[in-house]
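Observations on chain architecture
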Amino acid sequence: MIGRRHKRELAPTSAVEEPQGELLPVAPVRDVTRFSHGSRVPGWDDAVDLDKDPAQIPDAATTPVPQTLRTEIEAHMAKYPDFRSAAIPALAAAQRHHGWCSPEAIWQAACVMRLTPGYLVSVASFYDMLETRPVGRHAVYVCTNISCSLCGADELLDRLKDETAGDPEFNVRGFECLGACDIAPMASVDGVYVGPITLDEVAVLVEQIRENTPPLPGKQLRRRKSTDPGAARAVAGTADADAARAVAGAAAPLSPKRSHGTPRGGEPSGPPAAIEQGPPEEDEE
Amino acid sequence: MSSSPTILFADIDEPGLNRIDVYRRRGGYEMARRALTEMTPETVLDELLASGLRGRGGAGFPSGKKISFIPKANVDKYLVCNADESEPGTFKDRELMQKSPHMLIEGIIIGAYAAGASRSFIYIRGEYAEQADVIDAALAEAETLGFIGENILGSGFSLSLVLHRGAGAYICGEETGLLDSLEGKRGNPRLKPPFPANQGLYQGPTVINNVETLATMPHILRIGGSEYAKIGTETSAGTKLVSVSGNVQRPGNYEIELGISSRDIIYDLAGGPPDGREVKFWFPGGSSSPVLTKDDLDIPYDFDSLAKAKSMLGSGAIIVVDDSVAVVSVALKLAKFYKHESCGKCTPCREGTRWTVSMLERVDQGLATPMDLDIMASVQEQIIGNCLCVLGDAMAMPIGSMVAKFREEFETHIEAARARNPFAGTTLAGGRDDSDPVLIQGAAGA
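Okay, so let's go over this structure. Here the structure is a predicted model, which means the values were calculated and not measured.

**Considerations on the overall build of chain A**
Each helix and strand counted, chain A has 11 helices and 4 strands in total. Looking at chain A as a whole, 52% of its 285 residues are labelled buried. In chain A, of all internal contacts separated by at least 6 residues, the share reaching a separation of at least 24 is 64%. Carbon together with sulfur atoms contributes 54% to the accessible area of chain A, which is approximately 12,600 Å² in total.

Pasting the structure below:
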């Protein structure tokens, strides 16, 4: 019953088709019928149509696979003792190539891996990052888990969705913990972690994504120094590599670098000096 | 040890530490060299056993013992590094991998040598694309210089290392789910026993360790196992990276000596909650750990003290929630996360997480009565211990602890919500799981 209710909700006749644009070269998307067999995922009717036999391993002679995709998948297969291990990398490669795990993408990956499409569909439907419906090409994941929510991630997601509403290039979604609670609220923009993002910066961010320029360069995670005062002291707040090496050079593995937070019953010597929380923008650029 | 040591983070902000030349200048790969050329696998294992190192991923199982379970037989053995850091609130491995990937690779060499493994894998979560690129580059450097490959440093020991990128699934941080995923399947956990030490990856003996655990191994050899054991407390040896996040002024990773007071971590290191706020409750070890309140802040931060307080150290992720936040909203957020991430293999977890979300929504919307809290508590009891893996428990324990410790607030919330228009929204209600995957468990959300 619940399933049926969702079928109705999830069967937008035009909303799904609209953002496809040129991203969807061949996928045969039918509207409501795609839910008749219980699948809410467009384009997979052929694989799960109960009136048909299950799809076999695609015939290499009749399944054209782009050479770059074939090479990439075969390289992944060669890395593992069992070629099946390459299922996720292969699907990711197919998704990069096609924009999402379309029936065509699945078919091609299955053809190269010599697996049934059904097997790969079962894998693709399990993982959050493998898209089982057409999406925009810019993946913007906003972490909405506890830590980020406490810092305003829900408002950030709403603002981002508003800002990109109707733009088929965007795939803005709330995501489970992205492992960057130190820069909450944050987003992963095409794989680049950015944060903390204030609501005022959303418009700039969206514009940067549209123009394919680095998102909020000053706020990218990889520019951040460690927050730990014990570690921060090694470089003493400088970006000068040689100076840093000179300071850290004498560091023994057990060098006592911290002057606060006595672990064994002493008096805490007070909080450390405020650490530069802002991104070290002098780093590059 | 008078002041607290910095081991893993000693050089972490060294510019260019992700490059092998800088890392070697800082003494990198010396311990791998010593292990392979001067020590036998048994003596390496003895050092690890003597160190008292316990797994840093969540379970806290003694790492040396885990390796010692690997059969000695002459079969293909595997070492898998669990870099699928998905526990909400945890980001320590991310920082280690991003800034010091060679420390991890060196640890993998040492761990694999002790276990007799000839193939190793790093399973990194797909979201960590930048970190995976860093490791890829580091791995290429290590292979070029002969630290990974055939006959490493002329020792006769060979090891291959493959970086495997996941695609976004919390359950793949569970070790058997990870193995299934690494084998190219859906990441469903397996029945245990057989344990991975006997039948793991490709049915071969497999040792699975967290990033931080492996990265610690070179330092254990450098310091000496028995010396390392002197850091920390008797049963929780060494240092630990803790990720502090939530309502604190300086969120981030901190390396602490196990056994220091939790208050020191939250207030001295992370700066405590914002001015004018108080700690209401905190998760000591990721969102899966039962919550503790402000009365528990003086508990020493180590495995056994937290276990005694009926919580756990878990992955070392402290999430601080201050008194401006409604406990119901956190509980709902938490439950929605586990509902989304439940793989659906075991009924108690699949249905329990779902019903818990429904019940918490009723609480939030003013449709519940205080009696529903008892029903919800009983649901949690029926999840715990009844599934193949602990994902369900990971929701049931914190939710159970929240209801137990904040029952009054839940009841007040119910009354207040009932008094209002039943559908008046609340802070975090109506979260992000709007494309509820009813039919296909694990399908993409939102």
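So that's the structure; there's more coming.
**Some remarks on the overall build of chain B**
Of the regular secondary structure elements, chain B holds 17 helices and 9 strands. Whereas a compact globule of 446 residues would reach a radius of gyration of roughly 22 Å, chain B reaches 22 Å, a difference of no more than 12%. Projected onto the principal axes, the alpha-carbon positions of chain B cover approximately 75 × 50 × 35 Å. Counting only residues that meet the buried cut, chain B has 65% of its 446 residues in that class.

**Looking at the pattern of salt bridges**
Residues and elements named next belong to chain A. Tallied over the entire structure, the rule returns 39 salt bridges over all chains. Taking the shortest distance from any N to any O, the salt bridge between R210 and E207 comes out at 3.7 Å. You can see R210 and its partner E207 sitting in helix α9 (residues 202-210), 3 residues apart, about one turn around the helix. Take R210: its relative accessible area is 36%, and that puts it in the partly exposed class. Since its relative accessible area comes to 37%, E207 is described here as partly exposed.

**Concerning unusual backbone geometry**
Of note, the bond from A184 of chain A into P185 of chain A is cis; its omega dihedral lies within 30 degrees of zero at -10 degrees. Mapped onto the fold, P185 of chain A is located in the loop between β2 (170-175) and β3 (187-189). Following P193 of chain B, the chain continues into P194 of chain B via a peptide bond in cis, with omega recorded as 0 degrees. Among the structural elements, P194 of chain B can be located in the loop between α8 (175-182) and β4 (206-210). Even without glycine at this site, Q203 of chain B takes up a positive phi of about 65 degrees.

**Regarding the sheet that holds strand β1 (residues 138-143) of chain A**
Residues and elements named next belong to chain A. Read from one edge to the other, the open sheet built from 4 strands follows the order β2-β1-β3-β4, with strand pairing classed as mixed. Lying at the two open borders of the sheet, with one neighbouring strand each, are β2 and β4 (192-194). Looking at each pair of strands side by side, their axes are set apart by 25 degrees on average, direction ignored. With 3 bridges joining them, β1 and β3 adopt antiparallel strand pairing. Bridge assignment links Y141 to a residue of β3, and that residue is S188.

**Focus: the nonpolar core**
Of all hydrophobic cores here, the largest spans 162 residues; its most connected members are Y127 of chain A together with F283, M402 and F410 of chain B. When residues no more than four places from it in sequence are discounted, the contact partners of F283 of chain B are I146 of chain A together with S289, V291, A317, I318, I319, V321, V330, L334, P398 and M402 of chain B. Formed by 22 residues, the second largest nonpolar core is a distinct cluster that contains I265, I266, I299 and L313 of chain B.

**Re the sheet that holds strand β2 (residues 119-124) of chain B**
Residue and element names in this part refer to chain B. Strand order across the open sheet formed by 4 strands is β3-β2-β1-β4, with parallel pairing between neighbours. If you trace the sheet from one side to the other, it starts and ends with β3 (160-165) and β4, each paired once. Sheet twist, expressed as the mean angle between neighbouring strand axes with direction ignored, is 20 degrees. Bridge count for strand β1 (residues 78-83) against β4 is 5 bridges, and the pairing is parallel. Within β4, the residue paired with V80 across the bridge is I208.

**Things to note about the pairing of β1 of chain B**
Residues and elements named next belong to chain B. For β1, a buried count of 6 out of 6 residues is recorded, marking the element as mostly surrounded by other parts of the structure. Burial along β1 is two-sided: the face carrying Y78, V80 and N82 and the face carrying L79, C81 and A83 are both buried. Summarising the sheet, β1 and β2 pair through 6 bridges and their orientation is parallel. Looking at the pairing, L79 lines up with S120 of β2.

**A short note on the environment of E411 of chain B**
Residue and element names in this part refer to chain B. Relative to the helices and strands, E411 resides in helix α17 (residues 407-419). When the C-alpha positions of E411 and T369 are compared, they lie 8.0 Å apart, and in sequence the two are 42 residues distant. For E411, the residues in contact, after removing those within four places along its chain, are P370 and L373.

**Topic: the packing of helix α3 (residues 41-51) of chain B against helix α6 (residues 101-115) of chain B**
Residue and element names in this part refer to chain B. At a minimum axis separation of 8 Å, α3 and α6 run at an interaxial angle of 115 degrees. Taken together, α3 and α6 sit at an angle that is classed as roughly perpendicular. Of the two elements, α3 crosses α6, and the hand of that crossing is left-handed. Along its contact with α3, which presents P41, V44, L45 and L48, the element α6 presents I110, Y113 and A114. In the contact of α3 with α6, the residues fall into 7 nonpolar, no polar and no charged.

**Points about the environment of V162 of chain B**
Position of V162 of chain B relative to the elements: it lies in strand β3. Judged by relative accessible area, which is 8%, V162 of chain B ranks as buried. Sequence separation between V162 of chain B and F121 of chain B is 41 residues; the distance between their C-alpha atoms is 4.8 Å. Residues in contact with V162 of chain B, not counting those within four places in the same chain, are K79 and Y80 of chain A together with S120, F121 and I122 of chain B.

About the cut-offs
- Residues numbered from 1 in each chain as written.
- Chains lettered and ligands numbered in written order.
- Predicted model: local features only at pLDDT ≥ 70, side-chain atom pairs only at ≥ 80, totals over all residues.
- Heavy atoms only, no water.
- Helix = DSSP H or I, 4+ residues; strand = E, 2+ residues; numbered from the N terminus.
- Buried < 20%, exposed > 50% of the residue type's maximum accessible area, 1.4 Å probe, protein only.
- Contact = heavy atoms within 4.5 Å.
- Areas by Shrake-Rupley, 256 points an atom, 1.4 Å probe, with all protein chains shown as cover.
- Rg over C-alpha atoms; globule rule 2.2 N^0.38 Å.
- Salt bridge = Lys/Arg side-chain N within 4 Å of Asp/Glu carboxyl O.
- Pairing = 2+ DSSP bridges.
- Axes fitted to C-alpha atoms, helices over the stretch in contact; angles between N-to-C directions.
- Core = buried A, V, L, I, M, F, W, Y, C linked by side-chain atoms within 4.5 Å.
- Parallel < 35°, antiparallel > 145°, perpendicular 65-115°, else oblique.
- Left-handed = near helix turned anticlockwise from the far one by under 90°.
- Nonpolar A, V, L, I, M, F, W, Y, C, P; charged D, E, K, R; others polar.

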